[in-house]
Amino acid sequence: MAGAVYIKGVAVTKYKRSAVKDTDEWPSKYSKLFVELDDGLEFSFTDKRRFAKVRLLDNPVSVPPISELGPDALKEPMTVDGLNSSLSKKKIGIKALLLDQSFISGIGNWMADEVLYQAKIHPQQAASSLSKEKCATLLKCINEVTEKAMEVGADSSQFPSNWIFHSRDKKPGKAFVDGKEIEFINAGGRTTAYVPELQKLTGDQAVKEASKKTTADKSHSVDQSENEEDEPKKAKVVKGRKTVNRAATKPSSKSKSDASVEDSDNDDDSNGVDDVISSKRTRGAKNPPAKSKNGEGQKSQTRRKVAPAKRKIEESDGDDLSNSSGSSDNDNDHGKRAKASVAASKKKVASSRNAKPKKKAK
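Residues numbered from 1 in each chain as written. Predicted model: local features only at pLDDT ≥ 70, side-chain atom pairs only at ≥ 80, totals over all residues. Heavy atoms only, no water.

**Side note on the overall build of the chain**
Thought 1: Per the secondary structure count, the chain includes 9 helices and 9 strands.
Thought 2: By the burial criterion, 25% of the 362 residues in the chain qualify as buried.
Thought 3: Taking contacts inside the chain between residues at least 6 apart in sequence as the whole, the part at least 24 apart equals 54%.
Thought 4: Surface exposure of the chain reaches about 25,800 Å², of which carbon and sulfur atoms provide 51%. (Helix = DSSP H or I, 4+ residues; strand = E, 2+ residues; numbered from the N terminus. Buried < 20%, exposed > 50% of the residue type's maximum accessible area, 1.4 Å probe, protein only. Contact = heavy atoms within 4.5 Å. Areas by Shrake-Rupley, 256 points an atom, 1.4 Å probe, with all protein chains shown as cover.)

**With respect to the sheet that holds strand E1 (residues 4–7)**
Thought 1: Strand order in the open sheet made by the 3 strands is E1-E3-E2, with antiparallel pairing throughout. Two strands lie at the open edges of the sheet, namely E1 and strand E2 (31–36), each paired on one side alone. The sheet shows a mean angle of 20° between the axes of neighbouring strands, direction not considered.
Thought 2: One ladder, built from 4 bridges, connects E1 with strand E3 (residues 42–46); its direction is antiparallel. What sits directly across from Tyr 6, in E3, is Ser 44. (Pairing = 2+ DSSP bridges. Axes fitted to C-alpha atoms, helices over the stretch in contact; angles between N-to-C directions.)

**Let's talk about a nonpolar patch on the surface**
Thought 1: Together, Val 61, Ile 66 and Leu 69 make up an exposed nonpolar region whose accessible area comes to about 270 Å².
Thought 2: One can find Leu 69 in the loop between E3 and helix H1 (80–87).
Thought 3: Of the residues examined, Leu 69 reaches a relative accessible area of 43% and is grouped as partly exposed. (Patch = residues over 30% accessible without salt bridge, like charges linked within 9 Å, V, L, I, M, F, W, Y side chains within 5 Å. Salt bridge = Lys/Arg side-chain N within 4 Å of Asp/Glu carboxyl O.)

**Section: the nonpolar core**
Thought 1: Leu 87, Ile 94, Ile 107 and Leu 138 are the most contacted members of the largest nonpolar core, which totals 30 residues.
Thought 2: Among the elements of the structure, H1, helix H2 (94–99), helix H3 (109–119) and helix H4 (132–151) are those that each provide at least two residues to this core.
Thought 3: Top element by residues in this core is H4. It accounts for 7 residues.
Thought 4: Among the nonpolar cores identified, the runner-up in size contains 7 residues, and Tyr 117, Ile 164, Val 177 and Ala 193 belong to it. (Core = buried A, V, L, I, M, F, W, Y, C linked by side-chain atoms within 4.5 Å.)

**Thoughts on the pattern of salt bridges**
Thought 1: Following the criterion strictly, the structure yields 6 salt bridges and no others.
Thought 2: The closest approach of N and O atoms between Asp 81 and Lys 132, which form a salt bridge, is 3.0 Å. Of this pair, Asp 81 sits in helix H1 while Lys 132 sits in helix H4, and the two are 51 residues apart along the sequence.
Thought 3: Beyond isolated ion pairs, a larger network of salt bridges with shared partners links Lys 95, Asp 113 and Arg 168.

**Observations regarding the pairing of strand E6 (residues 183–187)**
Thought 1: Sheet topology places E6 next to strand E7 (residues 190–194); 5 bridges connect them, and they run antiparallel. Within the sheet, the bridge partner assigned to Glu 183 lies in E7 and is Tyr 194.
Thought 2: Linking E6 to E7, which pair antiparallel, is a turn of 2 residues; within it Gly 188 sits at a positive phi near 65°.

**Some points on the packing of aromatic side chains**
Thought 1: Summed over all chains, the structure comprises 6 aromatic pairs.
Thought 2: Ring geometry for Phe 159 and Trp 163: centres 4.9 Å apart, planes at 40°, overall tilted.
Thought 3: Take Trp 163: its relative accessible area is 6%, and that puts it in the buried class.
Thought 4: Cluster of aromatic residues (ring-pair linked, three or more members): Trp 110, Phe 159, Trp 163 and Phe 165. (Phe/Tyr/Trp six-rings, centres within 6.5 Å; stacked < 30°, edge-to-face > 60°.)

**Some words on H4**
In an α-helix, one turn spans 3.6 residues, which is why side chains three or four residues apart end up on the same side.
Thought 1: Over its 20 residues, H4 runs 29 Å from end to end, which matches the ideal 28 Å to within 8%, given 1.5 Å per residue.
Thought 2: Residues of H4 that are buried: Cys 135, Leu 138, Leu 139, Cys 141, Ile 142, Val 145, Thr 146 and Ala 149. Looking straight down H4, one finds its buried side chains confined to an arc of 165°; they lie on one side. Exposed side chains of H4 directed beyond 90 degrees from the buried face belong to Glu 133 and Glu 151.
Thought 3: At its buried positions, H4 is contacted by H1, H2 and H3. (Expected span 1.5 Å × (residues − 1). Arc of directions from axis to C-beta.)

Function cannot be inferred from these measures alone, as they are strictly geometric.
Spelled out as structure tokens, the structure:
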């Protein structure tokens, strides 16, 4: 219902979404039409949702949209044969057809849900697929629901407690009627409440729906298995100890081989450098000077001659150490030069030791 007519001072039916309180200003700020008659009677057409339109016509029945309306669901009820004949030509869903005011007028969204729930018909069931028996049940439920709604003046608090109407505004998972869960779908472009346990698709539609569900379940299971394979297994705790997933921590053969090659290269380089350094230090280690008759004079001469050789050895050691990260060819060259330097220094030391000390002049 898009709006309602209110008469000043007269209690009228209050619609859930268009109710105007008695304490509100008169006419209401939501009023789209206000009329004052000669006898003092005032009435207002009020529409809070602002969907309604007001038009002044000489013969409303002959002008659309009223002229395009179908038979009134309450005042012009169809016969079972007439309804069956009409539905057999319609391939759209039954809920969308009931909302079509050119087919039958007076049935809105909540009322269509209630009629189909009472008749145990799925909202998306094709109208042409309904049997004559189902058509008879549907017509009976249309009459019962519309008559009851008019009887109580559309006061929802007086609707029967077993109607789906009382739970259709609840959230999914929390909506139940007579202990059965209510689900929500889109049918006829409108949110639709129905009970899958009672309202099931039949015929070819049921087969197609089952195949869709099977396909969806298979794809879901495949996706789930792929996700499980991609995710690394978590460590398990067994008797207070944590077991590590070997598959997740074990390096690949390629990475392992690469690592071994790198390690061997590093070992070779380090061993080569260590060998050069150790050989230099071993060869460069100076022997204690031999004692002579003139001990002090010989020691001083030996120190003066050994000092340059020692500096050369240390410089060559420093050069070799700083360049130890170079290529193997450079290491070999450094080694040769170091060996030659050490050999030369040894010769000098040996010659100085063997030289006779000069006698002092008397």
